[in-house]
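What follows is each chain in one-letter form.
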Amino acid sequence: MKLNMKFRLAVLGLAVGMMAALIVYITMNSQREVTDLQTRLNNVDLESSGIANQFRDSFRDLNNAVIGYGISRDPATWAACLKESDELTAWMTEQKLKLRNPSEKEILQQMGSSYGDYFKTIEGFHNKIASSGRQDNARLSDIEPIRQESQALFELSRSLAQAHSQARDELLAHAHHTLFELRMSILVSLGLLLIFGATLSVEIYRDLIAPLRVRLVESQAFAERREKLAALGLLAAGVAHEIRTPLTAIKAALYLQKKKFQSGSSERENVEVVEREILRLERIVNDFIRFARPADPQPTVFNVEDLLLELQNFFTPQLGESNIQLIMEVLAPMRIRADAAQIKQVLINLVQNAADSIGADGKITLRARADRKPIASVERPVVAIEVTDTGKGITPDVEKRLFDPFFTTKEKGSGLGLTIAAQIVQKHGGELQYQTLVNHGATFGIILPRFVE
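What comes next concerns the included structure. Just so it is clear, the model here is predicted, and its values are computed rather than measured. Starting afresh in each chain, residues are numbered from 1 along the sequence in its written order. The predicted nature of this model means local features are confined to residues of pLDDT at least 70 and side-chain atom pairs, given and counted, to a pLDDT of 80 or more, with totals for whole chains, interfaces and linings taken over all residues. Water and hydrogen atoms were dropped before computing side-chain values, which therefore reflect all heavy atoms in the structure.

1. Concerning the overall build of the protein
- The numbering of helices and of strands both runs from the N terminus, where a helix is a DSSP run of H or I of at least 4 residues and a strand a run of E of at least 2. The number of helices and strands found in the protein is nine helices and seven strands.
- We get accessible surface area from the Shrake-Rupley algorithm with a probe of 1.4 Å; when it comes to residues, only the shown protein chains can shield them. Surface exposure of the protein reaches about 27,100 Å², of which carbon and sulfur atoms provide 57%.

Pasting the structure below:
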């Protein structure tokens, strides 16, 4: 798997995980918010509404007791009034610490001040009754100030209840807004989770599943093609074997006929043309046989430089006629264990292809270098034998079918040279690799395990 693809999948997987974690966090936070809002709402109901109701009940009892004192003039009744007044005052002081809403605290403060005025009024009422010495009931004019102060306190208690109701409404509105935001956050997070999940699925399908399906189809097609090629190879081997026998007889008869004609005669030239075509036909037949029945390598240990030097001596005169320079580069002595004849056959094919690509006026480089490369999934010391040319390079359409049997761009080629070369290298446990750039040449490399004692 490519690093870029791994990075994209990791980022998308992390995003999906973060979205899932965010949803869990929002859900848990929403539960905490709901619990907190419920607690605050209960506190508002218990504090504000309870204070207003309890104050009205306590104050009503006190006010009734004061009016009762005005009727009975009983000192015990007045003492009870004073006791209830002290308890109510202490209770109001205690409630100031419980309220959290500023408006309710302010109203309770006003109630405290108004209650102070009320207490002065009932105290004056008591002093007036005590100083008059009368035994008849209190007049309405004496009770009217008490009624007015009581009315003011009752109005403030109603204001406290209204403030509680308003605070409760505000808290409910805040709760609805908070819950709406939480719902939207969850919906947005779910949407993002779906988007990232869908993107991750698409990436996995595109980068993993789809290529695997393509490879599976290609593998099936390749297997079918190999079966067809195997059958074709057997047929070709049989046909080639049957052709080679009469071909040998034709060559022998032609050799005898050639001696009958004088050199330079038209008859002799015709015979030579037939001879060249028979040789070409013989090469094609031999290629068919090698393709269908490749010989097992007979490995020996030899020096790569000696093999390349032999190739240089063999090709230099031939390539010189086309003004193609053959250069050899060997950085250090290297040895391999292989079938020297088969490796030489591969290199001859590669050099000949390089010369055909150049045509004339160019350079071919034979190079051997030590390297470390994975072979059969195991990295090991290797020798890379490379053939580099300054030819036309390989076009993309040709590159797709480069190693296909019987595919060739040459007028007189069999299309089996590179296929046989790849088979030979694979039988040696190596690989045949190439690099090319159109109009800038190509490099073919034989990667073989390096012999190390």
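Past the structure itself, the notes keep going.
2. Observations regarding the side chain of threonine 365
- Relative to the assigned elements, threonine 365 resides in strand β4 (residues 362–375).
- The rule is simple: take the accessible area with a 1.4 Å probe, protein chains only, and divide by the maximum for that residue type; under 20% is buried, over 50% is exposed, in between is partly exposed. The buried category is assigned to threonine 365, whose relative accessible area is 7%.
- Only heavy atoms matter for contacts: two residues are in contact if any of them lie within 4.5 Å across the pair. Apart from residues lying up to four places away in sequence, threonine 365 is in contact with Ile327, Glu329, Glu386, Val387 and Thr388.

3. Topic: the pattern of salt bridges
- Note on definitions: salt bridges are taken to be side-chain nitrogens of Lys or Arg within 4 Å of carboxyl oxygens of Asp or Glu. Counted under the stated rule, the structure contains eight salt bridges.
- A salt bridge links arginine 372 to glutamate 379, with the nearest nitrogen and oxygen atoms 3.5 Å apart.
- A network of salt bridges, in which partner residues are shared, links Glu329, Arg367, Arg369, Asp371, Lys373 and Glu386.

4. Notes on a nonpolar patch on the surface
- Residues enter patches when their relative accessible area tops 30% and they take part in no salt bridge; the joining distance is 9 Å for like charges and 5 Å for the nonpolar side chains Val, Leu, Ile, Met, Phe, Trp and Tyr. Taken together, Phe180, Met184, Leu187, Val188, Leu190, Leu192 and Ile195 make up a surface patch of nonpolar side chains, about 620 Å² in accessible area.
- Note on placement: isoleucine 195 falls in helix α4 (residues 140–260).

5. What to know about the packing of aromatic side chains
- In this scheme Phe, Tyr and Trp rings, the latter by its six-membered ring, pair at centre separations within 6.5 Å, and the angle between planes marks the pair as stacked below 30 degrees, edge-to-face above 60, and tilted otherwise. Taken as a whole and assessed by the stated rule, the structure comprises three aromatic pairs.
- Plain terms: the ring middles of phenylalanine 314 and phenylalanine 315 are 5.0 Å apart, the flat faces sit at 85 degrees to each other, and that makes the pair edge-to-face.
- Under the relative-accessibility criterion, phenylalanine 314 is labelled partly exposed at 48%.
- Under the relative-accessibility criterion, phenylalanine 315 is labelled buried at 2%.
- Ring centres of tyrosine 434 and phenylalanine 444 lie 5.6 Å apart, and the angle between their planes is 25 degrees; on these two criteria the pair is classed as stacked. With tyrosine 434 in strand β6 (residues 431–436) and phenylalanine 444 in strand β7 (residues 442–449), the pair connects residues that are ten residues apart, well separated along the chain.
- Judged by its relative accessible area of 11%, phenylalanine 444 falls in the buried class.

6. Looking at helix α9 (residues 417–427)
- Among all positions of α9, only Leu418, Thr419, Ile420, Ala421, Ala422, Ile424 and Val425 are buried.
- Trailing α9 by a residue or two, glycine 429 shows a phi angle of about 75 degrees, which is positive.

7. Details of the pairing of β4
- Here a strand pair is declared whenever DSSP counts at least two bridges between the two strands. By the bridge criterion, seven bridges tie strand β2 (residues 324–330) to β4 in an arrangement that is parallel. Of the residues in β4, the one forming a bridge with glutamate 329 is arginine 367.
- Sheet topology places β4 next to strand β5 (residues 378–389); twelve bridges connect them, and they run antiparallel. Bridge pairing links proline 374 to glutamate 379 in β5.
- In textbook terms, the turn of a hairpin is the stretch between consecutive antiparallel strands, and for β4 and β5 this stretch comprises two residues, one of which, alanine 376, has a positive phi near 55 degrees.

8. Here we look at the sheet that holds β2
- Read across the open sheet, the five strands follow the order β2-β4-β5-β7-β6; overall the sheet is mixed. Strand pairing shows two members of the sheet lacking a second neighbour, β2 and β6, which therefore form its edges. Taken pair by pair, the neighbouring strands of this sheet meet at an average axis angle of 25 degrees, ignoring direction.
- Along the sheet face, helix α7 (residues 340–358) touches β2, β4, β5, β6 and β7 and points at about 40 degrees away from the line of β5. Axis geometry follows a simple rule: fit a line to the C-alpha atoms, using only the stretch in contact for helices, then measure angles between N-to-C directions, giving values from 0 to 180 degrees.

9. Considering the pairing of β7
- For β7, the buried fraction is high: eight of the eight residues fall into the buried class.
- Where burial is concerned, the two faces of β7 agree: the one with Ala442, Phe444, Ile446 and Leu448 and the one with Thr443, Gly445, Ile447 and Pro449 are both buried.
- Of the strand pairs in this sheet, β5 and β7 are connected by eight bridges, and their pairing is antiparallel. Its bridge partner being in β7, aspartate 389 is matched across the sheet by alanine 442.
- Examined bridge by bridge, β6 and β7 share six bridges and lie antiparallel to one another. Bridge pairing in β7 links tyrosine 434 to phenylalanine 444.

10. Looking at unusual backbone geometry
- Phi angles above zero are rare outside glycine, and aspartate 361 is one such case at about 60 degrees.
- Tracing the sequence through the fold places aspartate 361 in the loop between α7 and β4.
- Accessibility expressed as a relative area gives 54% for aspartate 361, which makes it exposed.
- In the Ramachandran plot, asparagine 439 falls in the positive-phi region, its phi being about 70 degrees despite a non-glycine side chain.
- The residue asparagine 439 is located in the loop between β6 and β7 in this model.

11. Structural notes on the nonpolar core
- In terms of nonpolar packing, the biggest core is built from 41 residues, with Leu347, Leu350, Ile364 and Ile446 touching the most fellow members.
- When residues of this core are assigned to their parent elements, the largest contribution, eight residues, is made by α7.
- Isoleucine 364 has contacts with Leu319, Ile324, Gln325, Leu326, Ile327, Val351, Ala354, Ala355, Ile358, Val387, Thr388 and Asp389, leaving out every residue within four places of it along the chain.
- Formed by 29 residues, the second largest nonpolar core is a distinct cluster that contains Tyr118, Ile122, Ile129 and Ile146. Buried Ala, Val, Leu, Ile, Met, Phe, Trp, Tyr and Cys residues that are joined via side-chain atoms within 4.5 Å together make up what is termed a nonpolar core.

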